[in-house]
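# Structural features, examined
Spelled out, the chains give:
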Amino acid sequence: MPRDNKTPLIQKIAKQAYITFKGLKSSANGDNKLAADQQSELISLVTAVRAADLKIAPRKSKASSAAAGLQSPPVTYMHICETEVFSMGVFLLRTGASIPLHDHPNMNGMLKVLYGKVSVRCFDKLEDNLTVNAVPPHFDPPLTSLQTTSLWRSILRSVAEYSENSGPCLLTPLRDNLHQIDAVEGPAAFLDILAPPYNPDDGRDCHYYRVLQTVAERQTDGRSNEEQQEEEKEKEEETWLLEIPQPEDFWCGGEPYPGPAVSI
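Residues numbered from 1 in each chain as written. Predicted model: local features only at pLDDT ≥ 70, side-chain atom pairs only at ≥ 80, totals over all residues. Heavy atoms only, no water.

An unreviewed UniProt entry lists the chain under the name 2-aminoethanethiol (cysteamine) dioxygenase a, with Seriola dumerili as the source organism.

Encoded structure:
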């Protein structure tokens, strides 16, 4: 269809994202197969997108001076579009930059690398804040009594690297919902789709976390790798997270999106 071929890929992605995630809201009472088919179509479109489709040129990998580093944010964001159903934009990470471990409350998401390479560590909370039955271990360094109220049991789901030739990294409200993103071997950029968008008034604020080390884990540093790997398998990578304020060394700047205009 000639007319469809003229439609920019990012416009097709936006339209399909709206259909897919609007359908997810009612899939519990509707056709789950239809919702799965719509998501499959979205994944197919997102997998095909490249930096050139958005008129984004890969950044040079250059070491910046300390003075320049203070002036330039480690991460910038290009806003593409936002509706009540989803938001879409591009995150650009400088060499060595990292987006700290954070969550996406009751949100779905897709991350597709446009250039460079990123390492993504995905976690999930195992339960709500500490209960009577969940006694925390001793941490190194120790936590204050106030900090223990911001403690979460969690599980490390996966650690994987993604490049422009990879499919998208997915997250749901229940799976891989917390992640940390690190640029690997140079600058990187990725398309980011979140559904619904962050909205503190609707209970969807962004929270940051730090992975804690227990005293027991510190004591196992001297044990053989085989022994530690065997025990890690048994524990299914269970770990503890501490909710923290936004790290001082992380902030996100903004820059204009140079690609095709998108309308929903």
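Bringing the packing of aromatic side chains into the picture now. Taken as a whole, this structure holds 4 aromatic pairs when the rule is applied. Pairing Tyr-77 with Phe-91 gives two aromatic rings, centres 4.7 Å apart and planes at 50°, and the pair type is tilted. With a gap of 14 residues between them, Tyr-77 in strand S1 (residues 75-82) and Phe-91 in strand S2 (residues 87-93) connect regions that are remote in the sequence. Classification of Tyr-77 by relative accessible area gives partly exposed; the value is 22%. An angle of 75° between the planes, with centres 6.0 Å apart, marks the rings of Phe-139 and Trp-240 as edge-to-face. Placement of Phe-139 in the loop between strand S5 (117-125) and strand S6 (151-163) and of Trp-240 in strand S11 (residues 238-244) is noted, with a sequence separation of 101 residues between them. A relative accessible area of 9% means that Trp-240 is categorised as buried. Counting every residue linked through ring pairs, the aromatic cluster contains Tyr-77, Phe-91 and Phe-190. (Phe/Tyr/Trp six-rings, centres within 6.5 Å; stacked < 30°, edge-to-face > 60°. Helix = DSSP H or I, 4+ residues; strand = E, 2+ residues; numbered from the N terminus. Buried < 20%, exposed > 50% of the residue type's maximum accessible area, 1.4 Å probe, protein only.)

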